[in-house]
Amino acid sequence: AGEGEWAGQLGPGIGEAGGGNGLLLFHNRFICVPLRNYVTSFPTMSPFSWLSVDDTPRESSPFINIIDQDQENYYDGKNMALFEEEMESNPMVSSLLNKLANYTNLTQGVTEHEEYEEGGPQMGTFIGVYLPCMQNILGVILFLRLTWIVGTAGILESFAVVVMCCTCTMLTAISMSAIATNGVVPAGGSYYMISRSLGPEFGGAVGLCFYLGTTFAGSMYILGTIEILLTYIVPNAAVFVAETKEDESVALLNNMRVYGTCCLALMALVVFVGVKYVNKLSLVFLACVVLSIMAIYAGVIKTAIEPPNFPICLLGNRSLQNHNFEKCMKTEERNNQTHTTKLWDLFCDSPYLNATCDDYFIRNNVTEIQGIPGLLSGVIKDNLWSEYGPSGMLVEKKDQLSVPAKDKSRNINLPYVFNDISTFFTLIVGIYFPSVTGIMAGSNRSGDLRDAQRSIPTGTILAIATTSFLYMTCVVLFGACIEGVVLRDKFGDSVKKNLVIGTLAWPSPWVIVIGSFFSCCGAGLQSLTGAPRLLQAIARDGIVPFLQVFGHGKANGEPTWALLMTAGICEIGILIASLDEVAPILSMFFLMCYLFVNLACAVQTLLGTPNWRPRFKFYHWTLSFLGMSLCLSLMFICSWYYALVAMCIAGCIYKYIEYRGAEKEWGDGIRGLSLNAARYALIRLEEAPPHTKNWRPQLLVLLKLDSDLGVKHPRLLSLTTQLKAGKGLTIVSSVLEGTYMSLGAQAKTAEQNVKAAMHSERTKGFCHVVASSNLRDGFSHLIQSAGLGGMKHNTVLMAWPGAWKQAQDTYPWKNFIETVRETTSAHQALLVAKNIDRFPSNQDRLGEGTIDVWWIVHDGGLLMLLPFLLRQHKVWRKCKMRIFSVAQMDDNSIQMKKDLQMFLYQLRLNAEVEVVEMHGSDISAFTYEKTLVMEQRSQMLKQMQLSRNEREREAQLIHDRNTKSHANLNNKAAVSPEHHMTWTKDKLIAERNRNRAEPNMGVKDLFNLKPEWGSLNQSNVRRMHTAVKLNEVVVNKSQGAQLVLLNMPGPPKNKGGDENYMEFLEVLMDGLDRVLLVRGGGREVITIYS
């Protein structure tokens, strides 16, 4: 085709496209065409193919690293060649979309317990979410305890409990739907949702709580299975048989333990052999649940037409266990003779009419009434109110006539129906709540769903609505159809050991018995299947180190070790052996899990993070907050001590993960919450500078790195830790000399090394390594821009450049002085540590000693504050604080001491106070000599045009000249002219003593000793004099101190004397072991006011 032909074909498309949707390269021209319209014109091209210059269509590859070596020019002439160097890190959109479309959360190698059809996940809302949720929600409590709950709490309170619990799960489901539709939920279900929303600490804590809840749910279902088996199906199968009435409860518990352990072992074996059998049986178990519920409703309808015949026997108003007698009468007429019945035998000592009988039995008649009077009987009025009572309380019909016995004591061997446990409202809530759990079943199957984003909310909310309706109607219908004494009879003793809910069912009670048995079996198997996988998901995340062994399993992914752990914990619940005691335990764990689901949704909604975009739109943070409050309230309503224990367990796990767990970045809501809180706090901080009472050193630590990019002075970090104790801001930084483009990798390495050093030295803070063309600018930029908003450093900490004299260039000390100037200009305090490597580590404990503060000039009170902060740390805790102040000739040293003591008292600081007098003495020869050497050295260093050898030779000449001048000076002091000596410390002391002995010796006499002294800069001489005299006083008083803090004099305004400034500081610190030079930031940092 010719160019004009192409243009003719593409012209209309360009006009219609209004800007175009694609690009084609043809004869080096870019032509905008809508590819979606014209891709059919090129049969050899895919939508992401590109035409080369020679008109040969070629399929483009999304990644550059899969190109063979002989295809070097693969991208030549292509319009994506501009991005080819970034293809590895930034793949083409086409390949990215392809990867997302083919995403699956199927674990590699798992073929047995996750079976997918050939066409991929095909489950819809009904099969994939609605039915699993229904199966998990409806279960053991409905069949074994709901009638008893209605009878004990009454219809009104039972209805309130159901509404409260169902509202809690509905609100949780709304929150869960929002989280579940905000992206894909892989294996782990609720654990995954919470951990990715609230962070690894919350996720691990709540995930383990949910795991424990699921495990104890397995115990509850197994106990329910055994209760049905031993009480209603084969009561004669008991291993332990009670010889007396008192031993019946103990025998029942022991039977539950033995059979429960066997059942657990069998179920664990089934799960171990293959989960596919559990999945195949799940439909059978679900069918049992559905048939049982249908039988209940059918029975309710039948009671309105023809009530079933389940007579119960009352003695007076007391309900009797009727499984040991057939006829509800004391005597009967047979052949015109009066005979006693089996009931008589139970209350009297012989079958004869003159036998001695129970007093209550004699005084009251027996009455037979129907246990199921029917829907239209009006019994609903009698069942509206609660009948709570203590353990052992008789089950009585209140409106029935009764004559009390003279003897109030009760014989437990008599066949009365009585409460086996004490009953109260909060117990009812704890026992009932497990019947509404199981709402996570749909979200756990998200990988199997055709459209999880639509199915999870719809299926879960519909399942909760359906089950809530079932529970509410059951509460009302049970109260309307069944006699109150039968409802309160937990084990059906008054209806010949029938399951109470079974007496209502049609066509036979066995429908409910068998259905509930298989339902409990199925629920137990589901729990033993789900709990190990949850533990495996937590273990594989690596956030709880000691659980990592449970992440391993069989080759196909089956969690073998996690299954063993689950069976072990499940056995604890079975050894408790009481359904009523296990139910509140798992209520706690499930409520805690639901609480955090609501919290996660509320946090994410309030933060409004860009990633929070749930497809489910019918949520609000107020609903989540209400659900969270309801969960918390229910926890304490059920059992306040269980609630505290569950919270303590979750708190301990949280702190453990925070302390020992692996660091994970999941983009969780708590990180977003922290960011929001930090942003708010930073904005507030900028509104006004911190008050003096709130001032603390916020440190910028300037580190020096060695040739291997390691920290040269780690003790600087130790000092930081001791000074900060983990409070306030710490920014640890360093500078690499060069460009960031060339030193990017080294900067990252250096940052990792610094972070490792910070971790080992327990320094809590931030790390920042920058690359700059020179160190001077790098440190300047850090001082100016480190920190954010109001959270900026106010103090710079650095080490004294100890080898500044030996350095071959002037950069080290020039950089140091410029840093001092920078901090002064920025109104920041400066701390300079000399001999930093001799400072104590965090493991050292300084038993005795002092921290000496030499307070020479007041520049904000930082000198006072630093020792106080250091002594908060255990390294310095036993050191005493001493404060020295220097008095001049005109000062009243006694009054100074009193004032200083009063000042420290008002500052609430405990310290010894001493005022040192420094009288104005004449300038010694030693001072002149030090000044001369300093100026000559400065002059030498200024001659930068000389070669290094010439500079070294000149330095040697100056040294020889100085040595000779010292010898001449010593000759004046009567030393032999043949004996040459350099100036020593002993000579210094002798010279000082001589100066004191000859006070009349004036400056002119000194100049006569050495004519060169007359040409010295007198300003330098005075400064040197101050340094020498002050050093003499400090060494005299503080040579043995653990740490000496000194005011740091400022650098000269004239930069020409910078090298002299270093010399002054060197002289000032001479002879001291650990020194911290302190320079204030120009503001008060300590106050006497509260």
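I will try to describe carefully the structure that is included in this document. The structure presented is a predicted model; accordingly, all values stated were derived computationally and were not measured. (Residues numbered from 1 in each chain as written. Predicted model: local features only at pLDDT ≥ 70, side-chain atom pairs only at ≥ 80, totals over all residues. Heavy atoms only, no water.)

### Considering the state of the cysteines
Then comes step 1: Here the structure, examined in full by the defined rule, presents two disulfides.
Then comes step 2: A disulfide bridge connects Cys313 with Cys328, and the sulfur atoms are separated by 1.9 Å. Here Cys313 and Cys328 share a disulfide; its torsion about the S-S bond, 75 degrees, makes the bridge right-handed. In this pair, Cys313 sits in strand S5 (residues 311-315) while Cys328 sits in the loop between strand S6 (318-319) and strand S7 (331-334), placing the two residues 15 residues apart along the sequence. The pair formed by Cys313 and Cys328 is uniform in burial state, with each residue classed as buried.
Then comes step 3: A sulfur-sulfur distance of 1.7 Å marks the disulfide that ties Cys348 to Cys357. (Disulfide = S-S within 2.5 Å. Helix = DSSP H or I, 4+ residues; strand = E, 2+ residues; numbered from the N terminus. Buried < 20%, exposed > 50% of the residue type's maximum accessible area, 1.4 Å probe, protein only.)

### Examining the pattern of salt bridges
Then comes step 1: Under the defined criterion, the tally for this structure stands at 19 salt bridges.
Then comes step 2: Here Asp852 and Arg882 are joined by a salt bridge, their closest N and O atoms 2.6 Å apart. Of the two residues, Asp852 is situated in strand S15 (residues 850-855) and Arg882 in strand S16 (residues 880-887); the sequence distance between them amounts to 30 residues.
Then comes step 3: Assessed through its relative accessible area of 19%, Arg882 is described here as buried.
Then comes step 4: Where Glu914 meets Lys1037, a salt bridge forms, and the shortest distance between an N and an O atom there is 2.5 Å. Of this pair, Glu914 sits in strand S17 (residues 912-917) while Lys1037 sits in helix H33 (residues 1018-1038), and the two are 123 residues apart along the sequence.
Then comes step 5: Residue classification places Glu914 among the partly exposed residues on the basis of a relative accessible area of 27%.
Then comes step 6: A relative accessible area of 34% places Lys1037 in the partly exposed class. (Salt bridge = Lys/Arg side-chain N within 4 Å of Asp/Glu carboxyl O.)

### Some remarks on the side chain of Thr215
Then comes step 1: By the secondary structure assignment, Thr215 is in helix H8 (residues 200-233).
Then comes step 2: Thr215 has contacts with Ala531, Thr566, Ile569 and Cys570, leaving out every residue within four places of it along the chain. (Contact = heavy atoms within 4.5 Å.)

### Looking at the environment of Leu830
Then comes step 1: Within the fold, Leu830 resides in strand S14 (residues 829-834).
Then comes step 2: For Leu830, a relative accessible area of 0% translates into the label buried.
Then comes step 3: Sequence separation between Leu830 and Val820 is ten residues; the distance between their C-alpha atoms is 7.3 Å.
Then comes step 4: Beyond its immediate stretch of four places on either side in the chain, Leu830 contacts Val796, Met798, Val820, Thr823, Met1048, Leu1077, Val1078 and Arg1079.

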